[in-house]
Each structure stands twice: as C-alpha cells, then as structure tokens.
Amino acid sequence: MKNISIDELRHNIGSSFCYADDCLFVSESLQYLCTLEPVRLNFSLMVLCTSGSISWEQNGQQYTLYQNDFGIILSGISLAKVSISTDCKIKSVGLSDRFLQRMFHCGTDAWRVARFLKSNPMKHVDGRNSELLSHYIDLISIELSIGDIVHREEIIQHLFAALILEMMSDINRYIVTSYENEKISSSSYIFQRFLKELYADNGYHRSVIYYAEKLCCSPTYLSRLIKKHSGKKALSLINEYAVERIALELEYSEKSIKEIAMEFDFPNISFFAKYIRKHLKLSPAEFRNKTR
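Residues numbered from 1 in each chain as written. Predicted model: local features only at pLDDT ≥ 70, side-chain atom pairs only at ≥ 80, totals over all residues. Heavy atoms only, no water.

### Notes on the overall build of the protein
A tally of helices and strands in the protein yields twelve helices and eleven strands. Pairs at least 24 apart in sequence give 68% of the contacts found in the protein among residues at least 6 apart. (Helix = DSSP H or I, 4+ residues; strand = E, 2+ residues; numbered from the N terminus. Contact = heavy atoms within 4.5 Å.)

As structure tokens, then:
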C-alpha cells in the first residue's frame, strides 16, 4: 500500500496546486489518487465536486460524489479503486494532522465528529450550507489570487480554519441529539473525561500515570481504553497534544526557550531540548528559527 503525504505531493506534483504550504494545499486535481494499488492518506482531504463524478472505496464501502456533493476523508484512511469521470471538476483541500490538532486541541467534539466522518464521509450541499461554502471559496480564491503579501500564509490558513470550523459545527449539530440520547458506556465516559483533562492540562503533565490517577483507574486500563476509542496509544496522544502546545509557544510567543521549558515543567533545558528533538526532529531553537 502506498502512503501519500503533503510534502510528497508538494515535491512531485507541485505545479498542479493552486496553493501549498507545510500545513495545507489547494488543488483542482485528484489524479494522484488514481493508482493501481490502494493509497493511505497521511493528511485529511476535503473534496467538493462541482460537476461530473468521483468514486472510491473506503473500508470496503463504495462512495460516489456528484455535483454539489462534499466529501471529507480523514488522515490514515485507505482508499482503493478511485475513479474520476472525464467531465469531473473538483476543488480539494489537504490538511495536515498538525494543522487540525492546532485547531481542535483533541476536544471531545472533534473526536465525536471524527468518529462520525469515518462511516459518513460525504454529504450533499444545498441551501444555507451551499451559500456559505460558496462565500468561503470565493473569499479564499480572491486571497489566493492576490500573490505575495505579508502574512499571506497565515491569512489563508485562518480562512481555511474558519471554513472547517463551520463544517464541523454543522456536522456536530447533526449528530449531537442522537449522541446525547445514546447510552454512554463506562469506557466512553472515561475517555471523554480523559480528553477534557488533557485539554485543561495544556501539556503540563506528560505521563499516563498522572491521568490514570486523575480518573481513578490503572494506567494499563486507561491505555487500553484510549487505544480502543482513538486508535492511538495513550502516551502518543498525550505527547501529541503537549508537543502541539509547546510548538505554538516556540512559534508565536516571545518567551525564551528556558522560560518555555520551565512553564511546561521540564527539569532542565537539556531534557526539554531532547524531548523536542525526539518529537519534532529539530532542536527548540531550530524549530523556532524555521517557523519565524
């Protein structure tokens, strides 16, 4: 199975992009998905079909987008048998995991929507949603056409963030009633509490033991429960969130690296540097210089 990342697409088919940076890309082509072998996306993909059709197989289920249909394929999903009609016209956006994590902070609503989208990756767009989507697309298109301006990358990313949050809100409204009426199991309740604790902690504590004690269960049980509900190991999820919060501080705050290390309760700056290099493949200083 072939894995596809945003960086790979930027290097191999960059000319077909309307826009591309480290966090997202905009394209009017999906030909890179039309391979003989299944592909796994290492980013989330949003596709709006404006004419023709595009179909694919996901988790053994066949899906087809027609005119005014909108599809959202989450990162890590495997696609097969992708077929695009000759008259197909689309607008697509690829979003990195880091970009989405920065927006949603692993909140309960984000997990709820993600679970829903895994089995419901497409919907027809009409009425208010169609009008709202058109306005966002028009505004983003204007921004993309302006060219090289100060803060262009940040402006485009924030416009897409607003669009995605609108869509997430719409999906959440659709599922919230049935979700609240659903009988919540004990493990689901603990998982939701874990997410709330993780968000409130802001990356300060980075051990499974800490959260297990907060939730009055054993670390082994908590790890197994988190793996069941999220598909990820507990420590991986904890570190992902902590690294995201630290990265934001390095990128946007004026605090010194030592101050950031102390704020996140690292015993010393050497340990902090080792932690960041492990997860970001760069030292704190290198990451800060790269993102500024």
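### Observations regarding the pattern of salt bridges
Applying the stated criterion across every chain, the model contains seven salt bridges. Across the pair Glu240 and Lys232 runs a salt bridge whose closest N-O atoms are separated by 2.9 Å. The exposure class of Glu240 is partly exposed, given its relative accessible area of 26%. Classification of Lys232 as partly exposed rests on a relative accessible area of 29%. The partner of Lys255 in a salt bridge is Glu263, and the shortest N-O contact between them spans 2.5 Å. Since its relative accessible area comes to 32%, Glu263 is described here as partly exposed. The network of salt bridges with common partners includes Glu249, Lys255 and Glu263. (Salt bridge = Lys/Arg side-chain N within 4 Å of Asp/Glu carboxyl O. Buried < 20%, exposed > 50% of the residue type's maximum accessible area, 1.4 Å probe, protein only.)

### Some words on the packing of helix H6 (residues 186-201) against helix H8 (residues 219-230)
The geometry of H6 relative to H8 is characterised by a closest axis approach of 10 Å and an angle of 95 degrees between their N-to-C directions. Looking at the two axes, H6 sits roughly perpendicular to H8. Contact residues: Ser187, Ser188, Ile190, Phe191 and Phe194 in H6; Tyr221, Leu222, Leu225, Ile226, Lys228, His229 and Ser230 in H8. The class makeup of the residues in the contact of H6 with H8 is seven nonpolar, four polar and one charged. (Axes fitted to C-alpha atoms, helices over the stretch in contact; angles between N-to-C directions. Parallel < 35°, antiparallel > 145°, perpendicular 65-115°, else oblique. Nonpolar A, V, L, I, M, F, W, Y, C, P; charged D, E, K, R; others polar.)

### As for the state of the cysteines
Inspection of every chain in the model, using the stated rule, returns zero disulfides. Note on Cys34: no disulfide assigned, nearest cysteine sulfur contributed by Cys88 at a separation of 9.3 Å. With no disulfide partner, Cys217 has as its closest neighbouring cysteine sulfur the one in Cys216, 7.7 Å distant. (Disulfide = S-S within 2.5 Å.)

### Topic: the packing of aromatic side chains
This structure, assessed with the given rule, holds eight aromatic pairs. Between Phe194 and Tyr211, the aromatic rings sit 5.4 Å apart at their centres with planes inclined by 75 degrees, giving edge-to-face as the arrangement. In this pair, Phe194 is assigned in helix H6 and Tyr211 in helix H7 (residues 208-214), connecting sequence segments 17 residues apart. Just as Phe194 is buried, Tyr211 falls in that class too. The structure contains a cluster of three or more aromatic residues connected by ring pairs, namely Phe266, Phe271, Phe272 and Tyr275. Over the aromatic face of Phe266 sits the side chain of Arg206, whose NZ or CZ is 3.9 Å from the ring centroid. For the cation-ring pair, Arg206 lies above Tyr275, with the distance from its terminal atom to the ring centre recorded as 5.7 Å. (Phe/Tyr/Trp six-rings, centres within 6.5 Å; stacked < 30°, edge-to-face > 60°. Lys NZ or Arg CZ within 6 Å of the ring centre and 35° of its normal.)

### Some thoughts on the environment of Asn120
With respect to the helices and strands, Asn120 occurs in the loop between helix H3 (108-119) and strand S11 (122-124). For the pair formed by Asn120 and Gly71, sequence separation is 49 residues and the distance between their alpha carbons is 8.9 Å.

### Here's the deal with the sheet that holds strand S4 (residues 39-41)
Across the sheet, five strands lie side by side as S1-S4-S9-S6-S7; this open sheet has mixed pairing. The open sheet is flanked by strand S1 (2-4) and strand S7 (61-65), the only strands paired with a single partner. Here the average twist between neighbouring strands, direction ignored, is 35 degrees. Here strand S6 (residues 54-58) pairs with strand S9 (residues 78-84) via four bridges, running antiparallel. Following the sheet pairing, Ile54 is matched in S9 by Ile84. (Pairing = 2+ DSSP bridges.)

### A short note on helix H9 (residues 234-252)
Taking 1.5 Å per residue as the helical rise, H9 with its 19 residues ought to reach 27 Å, and the 28 Å between its terminal C-alpha atoms agrees with that figure. Counting buried positions along H9 yields 15 of 19 residues, so the element is predominantly enclosed. (Expected span 1.5 Å × (residues − 1).)

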